[in-house]
Amino acid sequence: MLSLEGLQIVQDDFRLEADLTLAAGARIAVIGPSGAGKSTLLGAIAGFQPAQAGRILWHGDRIDTLPPGRRPLSMLFQDQNLFPHLTVAQNLGLGLDPSLRRVDHRAVDAVLERVGLSGLSARKPAQLSGGQQSRAALARCLLRARPILLLDEPFAALGPALKAEMLALLAETAGPALVLMVTHDPGDARAFADQTVLVAEGRAEPARPTATLLDHPPPALAAYLGQG
Ligand SMILES: Nc1ncnc2c1ncn2[C@@H]1O[C@H](COP(=O)(O)OP(=O)(O)OP(=O)(O)O)[C@@H](O)[C@H]1O
């Protein structure tokens, strides 16, 4: 269980509070107006964004005191963060061992097979299509097998068909991980997440059933969805 207890993040005149609990293995969408703090929330959980107050716990143990690399999570951004000068296999290996000395190549091949990239391990990212790059970036997260997966608009640059394919692949391959996915598309939230965290008006709200939230949006969400 991931618990955010009295979390407060302040950047200049921006302020975000979060008090919520998310179950291990849950699929959670994070939705809300532009600039509301969705990326900030993920950044705080990942440890890239300092919090001014509160605690973050995973199964009761504090993780907000750990550096980002020691937290039990992987994070995937929209720009995929693949290194252009490294092969697909090396990019994946970096997720396991930054020195690339102790990489289990069988595990790399197995995860590439799971995401449909068998045989492409020697290519550089530029030799992959956009969809294949997304698969490689997802594979790197899956290979790390951390229990929390944070995704910040991971597939926003893909067309609708590829995006649907990636969401399905994510749902299929994330296994027991708790997945938090920032999205601007309510359709993504409905398709992927049975629960949604609304970030609006300075607060990350406790997760609510996605269908209920989107069918009966509070004013801040209704305005953002164009239903205000
Ligand atoms: N380095 C920074 N210093 C000061 N304020 C910042 C900094 N980075 C972001 N902010 C502010 O923090 C607020 C939250 O930004 P954040 O990127 O988390 O929003 P978001 O909900 O993810 O937005 P979007 O949907 O547009 O990506 C915004 O008002 C933004 O201007």
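Positions within a chain are numbered from 1, following the residues in the order the chain's sequence is written. In view of the model being predicted, local features appear only for residues whose pLDDT reaches at least 70, and side-chain atom pairs are presented and counted only at 80 or more, with totals across whole chains, interfaces and linings using the full set of residues. Values reported for side chains reflect all heavy atoms of the structure, with hydrogen atoms and water molecules removed beforehand.

> Is there a simple way to think about the site of the ligand in this case?
Ser34, Gly35, Lys38, Thr40 and His184 are the nearest of the 13 residues found near the ligand. For the ligand, an oxygen atom lies 2.8 Å from a polar atom in the backbone of Gly35. Whenever a nitrogen or oxygen atom comes within 3.5 Å of another N or O atom, the pair is scored as a polar contact, on the condition that within protein one atom can donate a hydrogen and the other can accept it, and that pairs from neighbouring residues in sequence are kept only if both atoms are in side chains. At a separation of 2.9 Å, an oxygen atom of the ligand approaches a polar backbone atom of Ser39. Isolated, the ligand exposes 640 Å² of accessible area, and the fraction of that covered by the protein chains is 59%. Ranked by residue count, the leading element in the shell around the ligand is helix α1 (residues 38–46), at three residues. Put simply, a residue is near a molecule or strand once any heavy atom of it comes within 4 Å of that molecule or strand. Using a 1.4 Å probe, the Shrake-Rupley method yields the accessible areas, and only the shown protein chains count as cover for residues. Numbered from the N terminus, helices here are DSSP runs of H or I no shorter than four residues, and strands are runs of E no shorter than two.

> How do you make sense of the environment of Ala189 when you look at a structure like this?
Relative to the assigned elements, Ala189 resides in helix α6 (residues 186–192). Along the chain, Ala189 and Ala44 lie 145 residues apart, while their C-alpha atoms are 21 Å from each other. Contacts were defined at the residue level, with two residues in contact if any of their heavy atoms lie within 4.5 Å. The residues contacting Ala189, other than those within four sequence positions of it, are Ala29, Thr183, Thr196, Thr210 and Leu214.

> It is not clear to me how the pairing of strand β8 (residues 178–182) should be interpreted in this structure. Could you clarify?
Consecutive side chains along a regular strand alternate between the two faces of the sheet. Only protein chains enter the accessibility calculation, which uses a 1.4 Å probe; a residue is then buried when its area is under 20% of its type maximum, exposed when over 50%, and partly exposed in between. Buried residues dominate β8, accounting for five of its five residues. A two-sided burial pattern is seen for β8, the buried positions comprising Leu178, Leu180 and Val182 on one face and Val179 and Met181 on the other. Two strands form a pair only when DSSP identifies at least two bridges running between them. Where strand β7 (residues 148–152) meets β8, five bridges bridge the pair, whose relative direction is parallel. From the neighbouring strand, Asp152 faces β8, where its bridge partner is Val182. Between β7 and its parallel partner β8, the chain crosses via helix α5 (residues 160–173), and the hand of that crossover is right-handed. With strands facing away from the observer, any crossover in which the path from the first strand over the helix to the second runs clockwise is taken as right-handed.

> Looking at this structure, I do not really get the domain arrangement of the protein chain. What am I missing?
In many analyses, interface size is given as the accessible surface area lost on bringing the parts together. Segment limits for the domains were obtained from an automatic or database-derived domain assignment. In terms of domain boundaries, the protein chain breaks down into domain 1 (25–51 + 66–72 + 147–228) and domain 2 (83–145). The C-alpha centroid of domain 2 is placed 24 Å from the C-alpha centroid of domain 1. Listed as interface residues are 11 residues of domain 1 and, on the opposing side, 10 residues of domain 2. The term buried area means the drop in 1.4 Å probe accessible area that two parts suffer when joined, counted for both and summed. Counting each side, the surface lost to burial between domain 1 and domain 2 is near 880 Å², with a carbon and sulfur contribution of 67%. It is Met166, Leu169 and Thr173 that lose the most area in domain 1 upon contact with domain 2, and together they represent 47% of the buried surface on that side. Salt bridges are defined by distance alone: a side-chain nitrogen of Lys or Arg within 4 Å of a carboxyl oxygen of Asp or Glu. Seen at the junction of domain 1 and domain 2, the total is one salt bridge. Note that Arg135 is salt-bridged to Glu165, the shortest N-O span being 2.4 Å. Per-element accounting of the side of domain 1 that touches domain 2 gives the leading share, six residues, to α5.

> I'm lost on the pairing of strand β3 (residues 27–31) in this one. Help?
For β3, the buried fraction is high: five of the five residues fall into the buried class. Along β3, one buried face is formed by Arg27, Ala29 and Ile31 and the opposite face, lined by Ile28 and Val30, is buried too. Relative to β8, β3 runs parallel, the two being bridged by four bridges. Residue Ile28 lies in a different strand from β8, and its bridge partner there is Leu180.

> Where do I start with helix α3 (residues 105–114) in this structure?
Note that an α-helix has 3.6 residues per turn; residues three or four places apart therefore point the same way. For α3, the full list of buried residues reads Val108, Val111 and Leu112. Burial along α3 is one-sided: seen end-on, the buried residues are contained in an arc of 105 degrees. Opposite its buried face, α3 presents the exposed residues Arg106 and Glu113, each directed more than 90 degrees away. Of the surrounding elements, those touching the buried residues of α3 are α2 (88–96) and α4 (130–144). The backbone nitrogen of Arg106 lies 3.0 Å from a side-chain oxygen of the residue at the head of α3, namely Asp104. Directly beyond the C-terminal end of α3, a positive phi value near 80 degrees is found at Gly116. To be clear, the arc concerns the directions from the helix axis to the C-beta atoms.

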